[in-house]
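Spelled out, the chains give:
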Amino acid sequence: MAKQPADTRKRILDAAYRLYYRKGFSRVSVDAVAELAGVTKRTVYYHFDSKDQVVAAMIEIQHLQLMKQYRSWLEPSSNSAPDIVTSLFSKLKHWADGPDWLGSGFSRIAAELADLRGHPARVASRSHKAAVEAWLGDQFAAVGVGEPKALAKQIMILIEGGMSLALIHNDTAYIETAMRAAESLVGNSKVALHRGP
C-alpha cells in the first residue's frame, strides 16, 4: 500500500524534531531531515516550501504536545497555588533528569535565531511561551490568586531561568532551586488555599 501524504509529512516533521532538538536549526540540513525520514529531498520540498516552513510546522506540533503535557502534570491533584507550583516544577525536574533532555527546544531555537526576530521559528516559539504563561495565569486565577497574570509571568521567569541554568551547568538542581523560589513567591501571594465554587 502506498504511503499517504499525511504519513509522509508526519515522518518528515518527526525527523526534523529529532534532529533540530539534538543539533540545532543551523547545523541540520534538509538533506539530513530527508535521510532520517526515509524520503527524498524533493519530497520534503513537495510538502514544505522551505526549511523555515519545516521548523515552523514542527514547532506547532511540539507546542500542542507540550501544552497537553503541562496540563497532565497538574491533574488531578493540583488544587491550590502551592500545589500547582510544586507539581509543575517537580515534573519539570523529572523530565530534565531524563537522558535525552537538552533544555527547552523553543528557547534554544529562539536564541539560535536571535538576530532574526521575524523568523517563523522565533514567532512560533514566542507564541508557545505566551500560551504557557496565559495557561499558568488561568490556573492561578482558578485557585484565587490575587494577580494571576503577574504571578504567571514571575513563575515563567523561574521556569526559564531554571531550565537554562540546568542546561548550562548540566545540573538539574537549578530547577529544584527555581521551584523553592517559586514556592516562596506563591507563599507571599494572595491565594485561596483550594479550588472551590
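The rules behind these values
- Residues numbered from 1 in each chain as written.
- Predicted model: local features only at pLDDT ≥ 70, side-chain atom pairs only at ≥ 80, totals over all residues.
- Heavy atoms only, no water.
- Patch = residues over 30% accessible without salt bridge, like charges linked within 9 Å, V, L, I, M, F, W, Y side chains within 5 Å.
- Areas by Shrake-Rupley, 256 points an atom, 1.4 Å probe, with all protein chains shown as cover.
- Salt bridge = Lys/Arg side-chain N within 4 Å of Asp/Glu carboxyl O.
- Helix = DSSP H or I, 4+ residues; strand = E, 2+ residues; numbered from the N terminus.
- Buried < 20%, exposed > 50% of the residue type's maximum accessible area, 1.4 Å probe, protein only.
- Contact = heavy atoms within 4.5 Å.
- Axes fitted to C-alpha atoms, helices over the stretch in contact; angles between N-to-C directions.
- Parallel < 35°, antiparallel > 145°, perpendicular 65-115°, else oblique.
- Left-handed = near helix turned anticlockwise from the far one by under 90°.
- pLDDT = per-residue confidence, 0-100.
- Expected span 1.5 Å × (residues − 1).

## Quick look at a nonpolar patch on the surface
Side chains of Leu165, Ile168 and Tyr174 sit close together on the surface and give an oily, nonpolar patch of about 270 Å² of accessible area. With respect to the helices and strands, the residue Ile168 is situated in helix H8 (residues 148–169). Judged by relative accessible area, Ile168 falls into the exposed class, the value being 63%.

## What about the environment of Thr43?
Structurally, the position occupied by Thr43 is in helix H3 (residues 41–47). Assessed through its relative accessible area of 25%, Thr43 is described here as partly exposed. Considered as a pair, Thr43 and Ile12 are 31 residues apart in the sequence and their alpha carbons are 9.2 Å apart. Discounting chain neighbours no more than four positions away, the residues touching Thr43 are Thr8 and Ile12.

## Structural notes on unusual backbone geometry
Among all residues except glycine, the phi angle is most often negative; among peptide bonds, the trans geometry is most common. A positive phi angle is found at Asn170, which is not glycine, with a value near 55 degrees. Here Asn170 is to be found in the loop between H8 and helix H9 (173–187).

## Observations concerning the packing of helix H4 (residues 51–74) against helix H7 (residues 120–142)
Look at H4 against H7: their axes get within 9 Å of each other, and the N-to-C directions meet at 15 degrees. On the basis of the axis angle, H4 is roughly parallel to H7. Note on packing geometry: the crossing formed by H4 with H7 is right-handed. Between H4, through Asp52, Val55, Ala56, Ile59, His63, Leu66, Met67, Tyr70, Arg71 and Leu74, and H7, the contact on the second element is made entirely by Pro120, Ala121, Ala124, Ser125, His128, Ala131, Val132, Trp135 and Gln139.

## Points about the pattern of salt bridges
Two side chains that carry opposite charge are able to pair once their charged atoms sit near each other. Counting across every chain of the model gives eight salt bridges. Measuring nitrogen to oxygen at the nearest pair gives 2.5 Å for the salt bridge that ties Lys129 to Glu160. In this pair, Lys129 is assigned in helix H7 and Glu160 in helix H8, connecting sequence segments 31 residues apart. Between Arg180 and Glu183 there is a salt bridge, with its nearest N and O atoms 3.0 Å apart. You can see Arg180 and its partner Glu183 sitting in helix H9, three residues apart, about one turn around the helix. Given a relative accessible area of 43%, Arg180 falls into the partly exposed group. Sharing partners across several salt bridges, the network here consists of Glu176, Arg180 and Glu183.

## Looking at the confidence of the model for the chain
When pLDDT is averaged along the chain, the result is 89, and 93% of the positions lie at 70 or above. In this model, residues 191–197 is a region of pLDDT below 50 whose contacts with residues beyond four sequence positions or in other chains number 17 contacts.

## A closer look at helix H5 (residues 81–96)
The periodicity of an α-helix, 3.6 residues per turn, causes residues three or four positions apart to be oriented the same way. End to end, H5 covers 22 Å across 16 residues, agreeing with the expected 22 Å (1.5 Å per residue, within 8%). Considering only its buried residues, H5 is in contact with H4, H7, H8 and H9.

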